[in-house]
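Residue-level listing of the chains:
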Amino acid sequence: MDEFFVLNISIILFSGFIAGVICKYFKASPLIGYLVVGALIGPGGLDLTRTREYQKELEAEQTRVAQVEKERAATLEHYQELEEADKADPKDFRAESIVQENVNLRREISAIKGELEKQWRQGETLAHVVHNSKLERMHEGHYALEAANEFGVLLLLFAIGIEFTFAQLASTAKYMFVGGALQMGLTIALGIALCMIFKLSWVAGLALGSVVALSSTALVYKSFGDLGQADTKRAQATLGLLIFQDVALVPLLLILPIVLGAGDSETTSYWFNNPWVDMGLKSTLFCAIVLALKKGSRLFIVPFLANLRSNDVVILYAIVVLAGMCVVASALGLTPALGALAAGIVLGENRLTHQIDALVLPFREAFSAMFFISLGMLTDFSYVFHHPSTCFLALVGAVAFKALCATFALRACGMDKRGALAFGVSISQIGELAFMLLSVAFNAKAINETTYNTMLFVSVASLVLTPNMVKIALTKFGMPPEDPEANKSDEDISPALVRAINNAKSHAVIVGAGPMGRTVAKTLLVRGRSVCLVDLNPVNLQPFKQSGVPTVQGNGMDYEVLQHAGIGRAQLVFVTAPNDAVSLEIVKAARALNPTVAIAARTRFGVNVAPLERAGAQLVLCEEETIAADMVDLLERHFAAQAATEAAKKIDMTVAQVSHA
């Protein structure tokens, strides 16, 4: 394993690094670079990972296995013939030595038969039949590489789960459940109909329709953010469809093997004879476990870990939850993908959520890069070269088909025509997680190798085209501007803060009660504005709390904390946190909760001004620039004073010379 696995991991990571650097230089998505470089180094391209060599070795050994088994069968048949001949001729008339020889021969035949039958009953593997050490190492390395890629999939689902919030669920419920179900149901139904028209089975249509129905949440959301559209109402509504697709992946992974007959009935443990009832009850039990763990984690474990103030313990807790939920899902006969998604949900919506997400980010990015590169490696260039028209027509047809279904779903939920068309086109790609369903269908022989390779090309090519499709759709389709709205409900605000807001000219939320935040708060209070200060440290809030000024202790990145501070009724938000990364997340949260509020943010470094402005801050005050400006002003005044002094000296000298003359 060491030789094959380490070499291939090194090649994949080095290729991913080069692709990432090039994409960043040209301001393109690194995920696109990973897909392209994977296709180049894969077996359909340069085959730097020696996958073709492994396949040839495997085929050669399988041929040898077949030959060995054939020879064993012939040997067994020969001994059976000898045994039958011996039984037909008891040889009672022979000498005692001949009889003894006959007995020994029977024992030998019996022993050989027993050994052969034992080997066949145990399902002797390739490694037991032939001892090819090179193939064994390659096989172990290949398995380890697949395991690493599967871990990348689990981390992607974990990230989706940790970003999932029940508040978001409530705000986009119509688009998530109605629109998402309509889009996926329509795509799958039309996929079945088209497959039956082309003389394919409805089972193949179900599999292919499910594959086409899934989009890429990661690529689409990043493209929205790059265009400054991530916080718009249309983008949030479309995100509801994407979340529904991600959640629907899990039941599809459970249902498709049953429908396709791909499950191993001998190894599967059913509580009930009906697999559908069994799956439903186990899924319900699993959901109950997830909700119980989420509440217990938020009430007991998270406060305890927060008091420890140890990043090591937090990351270990996240890993334990991720591994534990995958084990629980597997123990219930469910897919580990469901466990990874559930682990993210368990760890979401608490004060450590952003910290956990930040700590897991390096692992997620590394394994995600491996996953996308491996996905690109599945593309067979030779197949695309020999079937260009088939691949091109399938790509255009799948994207157009998906765009129409998504547009119809968004329009049915109330989105305007041009907006529905633009965002429908934006999610018309086939997502990176759809390959899991494609693999299930191919392994179950629901689709042939030609269809499998075609859909792989369509998936990878549509992902590569996604950023450009999103840019064209959102900038060229002539969508009317949105009317921003804020949730002005007083449901989450304390009665004291409601009274203060109603009695004041306007309301401001200040996140960060340090020296800067305190100065701003005092100025606003003097001018008759209501103020609510937010800070993690209760010591910073104590002076204002004693004076009767509303305060909220908590993390300003948390939606719930900002809602308690009256973000929905605020006209101004001041972000004075000393950490630029934290400030960026606070600005994003404030803009998401109140699209109309004016946001002023503090940053230490000039490089973070543009990201804060893209996140929604109208005014960004940079310490570097402010200090530099003050220093320049000081220098200008100093030089001006020197110039004035020199000018005065020259005037005095001139006056003295004139007087002397």
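Every value quoted in this text rests on a predicted model; they were computed, and no experiment measured them.

Q: Help me out: how do you make sense of the nonpolar core in this one?
A: Inside soluble globular proteins, nonpolar side chains tend to come together where they are buried. Formed by 128 residues in total, the largest nonpolar core has its most connected members in Phe286, Ile356 and Phe423. When residues in this core are grouped by element, the largest group, 15 residues, is from helix α11 (residues 233–260). Ignoring any residue separated from it by four or fewer positions in sequence, one finds Ile356 in contact with Phe158, Ile162, Val314, Ala318 and Leu347.

Q: Would you explain empty space enclosed by the protein in this entry?
A: Using a probe with the size of a water molecule, rolled over the atoms, empty space left in the structure can be pinpointed. Evaluation of the coordinates by the stated rule reveals 1 cavity of 30 Å³ or more. Considered as a void within the structure, the largest cavity measures approximately 30 Å³ in volume. Lining the largest cavity, in full, are Leu214, Ser215, Gln245, Asp246, Leu249 and Leu433. Among the residues forming the lining of the largest cavity, the class breakdown is 3 nonpolar, 2 polar and 1 charged.

Q: Would you explain the packing of helix α17 (residues 388–412) against helix α20 (residues 449–476) in this entry?
A: When two helices pack together, you describe them by how their axes are tilted relative to each other and by the distance separating the axes. Their axes nearest at 9 Å, the elements α17 and α20 cross at an angle of 55 degrees. Regarding the angle of α17 to α20, the classification is oblique. The hand of the α17/α20 crossing is right-handed. Contacts between α17 and α20 involve Thr390, Cys391, Phe392, Ala394, Leu395, Ala398 and Val399 on the former and, on the latter, Thr454, Phe457, Val458, Ala461, Ser462, Leu465 and Met469. Partitioning the contact of α17 with α20 into residue classes produces 11 nonpolar, 3 polar and no charged.

Q: Please explain the pattern of salt bridges as it appears in this structure.
A: Should their charged atoms come close, side chains of opposite charge can pair. With the rule as written, the count across this model stands at 5 salt bridges. A salt bridge links Arg602 to Glu623, with the shortest nitrogen-to-oxygen separation between them at 2.6 Å. Linking Arg602 in strand β5 (residues 598–603) with Glu623 in helix α27 (residues 623–660), this pair joins segments that are 21 residues apart in sequence. When its relative accessible area of 18% is taken as the criterion, Arg602 is described as buried.

Q: Is there a simple way to think about the sheet that holds strand β2 (residues 530–535) in this case?
A: Backbone-to-backbone hydrogen bonds join strands into a sheet, with any given pair of strands oriented parallel or antiparallel. Taking strand neighbours across the sheet as the criterion, the 6 strands line up as β3-β2-β1-β4-β5-β6 in an open arrangement whose pairing is parallel. Across the chains shown, the open sheet's two edge strands, defined by having one partner strand only, are β3 (551–553) and β6 (619–622). Going from strand to strand, the sheet's axes swing by 15 degrees on average, the running direction of each strand aside. By the bridge criterion, 4 bridges tie strand β1 (residues 507–511) to strand β4 (residues 572–575) in an arrangement that is parallel. What sits directly across from Ile510, in β4, is Phe574. Packing against the sheet, helix α25 (residues 580–593) makes contact with β1, β4 and β5, and its axis sits at approximately 175 degrees to β5.

Q: Is there a simple way to explain the confidence of the model for the protein chain in this structure?
A: Regions with low pLDDT should not have their predicted coordinates read in detail. For the protein chain, mean pLDDT is 79; residues scoring 70 or higher make up 80% of the total. In this model, residues 91–96 is a region of pLDDT below 50 whose contacts with residues beyond four sequence positions or in other chains number 5 contacts. The model gives residues 121–131 a pLDDT under 50, and that stretch makes 16 contacts with residues more than four places away or in other chains.

Q: I'm lost on the environment of Ser210 in this one. Help?
A: By the element assignment, Ser210 lies in helix α9 (residues 202–213). For Ser210, a relative accessible area of 0% corresponds to the buried category. Ser210 has contacts with Ile188, Leu252, Leu256 and Leu437, leaving out every residue within four places of it along the chain. Of note is the side chain of Ser210, whose polar atom sits 2.7 Å from the backbone oxygen of Leu206.

Q: Please clarify how the pairing of β2 should be interpreted in this entry.
A: On a regular strand, one side chain projects to one face of the sheet and the next to the other, so that they alternate. For β2, the tally of buried residues reaches 6 of 6 residues, placing the bulk of the element in the interior. Both faces of β2 are covered, namely the face carrying Ser530, Cys532 and Val534 and the face carrying Val531, Leu533 and Asp535. In this region the chain leaves β1, passes through helix α22 (residues 515–526) and returns to the parallel neighbour β2; the handedness of that crossover is right-handed. Strand direction decides the pairing type here: β2 and β3, joined by 3 bridges, are parallel.

Q: For this particular structure, what's the right way to read unusual backbone geometry?
A: Trans is the prevailing form of peptide bonds, just as negative phi is the prevailing case for residues other than glycine. Residues other than glycine seldom take positive phi values, yet Lys199 does so here, at roughly 65 degrees. A positive phi is found at Lys445, a non-glycine position, where the angle reads about 65 degrees. Considering the arrangement of structural elements, one finds Lys445 in the loop between α19 (434–443) and α20. A residue is classified by how much of its surface remains accessible, and Lys445, at 72% relative accessible area, is exposed.

Q: Explain the side chain of Gln429 to me, please; I cannot follow it from the model alone.
A: Take Gln429: it is sitting in the loop between α18 (417–426) and α19. Among the polar contacts listed, one links the side chain of Gln429 to the backbone nitrogen of Ser216, at a separation of 3.2 Å. If we ignore the near neighbours within four places in the chain, the residues touching Gln429 are Leu214, Ser215, Ser216, Val220, Lys402, Ser462, Leu463, Thr466 and Met469.

Q: Would you mind going over the environment of Ala577 with me for this structure?
A: Here Ala577 lies in the loop between β4 and α25. Filtering out sequence-adjacent residues up to four positions away, Ala577 remains in contact with Val511, Val582, Ser583, Ile586 and Arg602.

Q: Honestly, the packing of α9 against α11 in this entry has me stumped. Any pointers?
A: Remark: α9 packs on α11, axes separated minimally by 11 Å, with the N-to-C direction vectors making an angle of 165 degrees. Between α9 and α11, the crossing angle belongs to the class labelled roughly antiparallel. Classified by chirality, the crossing of α11 by α9 is left-handed. Judged by residue contacts, Trp202, Val203, Leu206, Ala207, Ser210 and Ala213 of α9 engage Gln245, Leu252, Leu256, Val259 and Leu260 from α11.

Q: I would appreciate a short explanation of the pairing of β5 in the present structure.
A: In terms of burial, β5 is a largely internal element, 5 of the 6 residues being buried. Relative to β5, β4 runs parallel, the two sharing 4 bridges. Of the residues in β5, the one forming a bridge with Leu572 is Ala598. In this fold, the crossover linking β4 to β5 by way of α25 has right-handed handedness.

Conventions and cut-offs
Residues numbered from 1 in each chain as written. Predicted model: local features only at pLDDT ≥ 70, side-chain atom pairs only at ≥ 80, totals over all residues. Heavy atoms only, no water. Core = buried A, V, L, I, M, F, W, Y, C linked by side-chain atoms within 4.5 Å. Buried < 20%, exposed > 50% of the residue type's maximum accessible area, 1.4 Å probe, protein only. Helix = DSSP H or I, 4+ residues; strand = E, 2+ residues; numbered from the N terminus. Contact = heavy atoms within 4.5 Å. 1 Å grid on protein atoms, 1.4 Å probe; cavity = no way out; pocket = protein on both sides within 12 Å on 5 of 7 lines; lining within 4 Å. Points joined across faces, edges and corners; volume = space filled by probe spheres on them. Nonpolar A, V, L, I, M, F, W, Y, C, P; charged D, E, K, R; others polar. Axes fitted to C-alpha atoms, helices over the stretch in contact; angles between N-to-C directions. Parallel < 35°, antiparallel > 145°, perpendicular 65-115°, else oblique. Left-handed = near helix turned anticlockwise from the far one by under 90°. Salt bridge = Lys/Arg side-chain N within 4 Å of Asp/Glu carboxyl O. Pairing = 2+ DSSP bridges. pLDDT = per-residue confidence, 0-100. Polar contact = N/O pair within 3.5 Å; in protein donor to acceptor, adjacent residues only side chain to side chain. Right-handed = clockwise from strand over helix to strand, strands pointing away.

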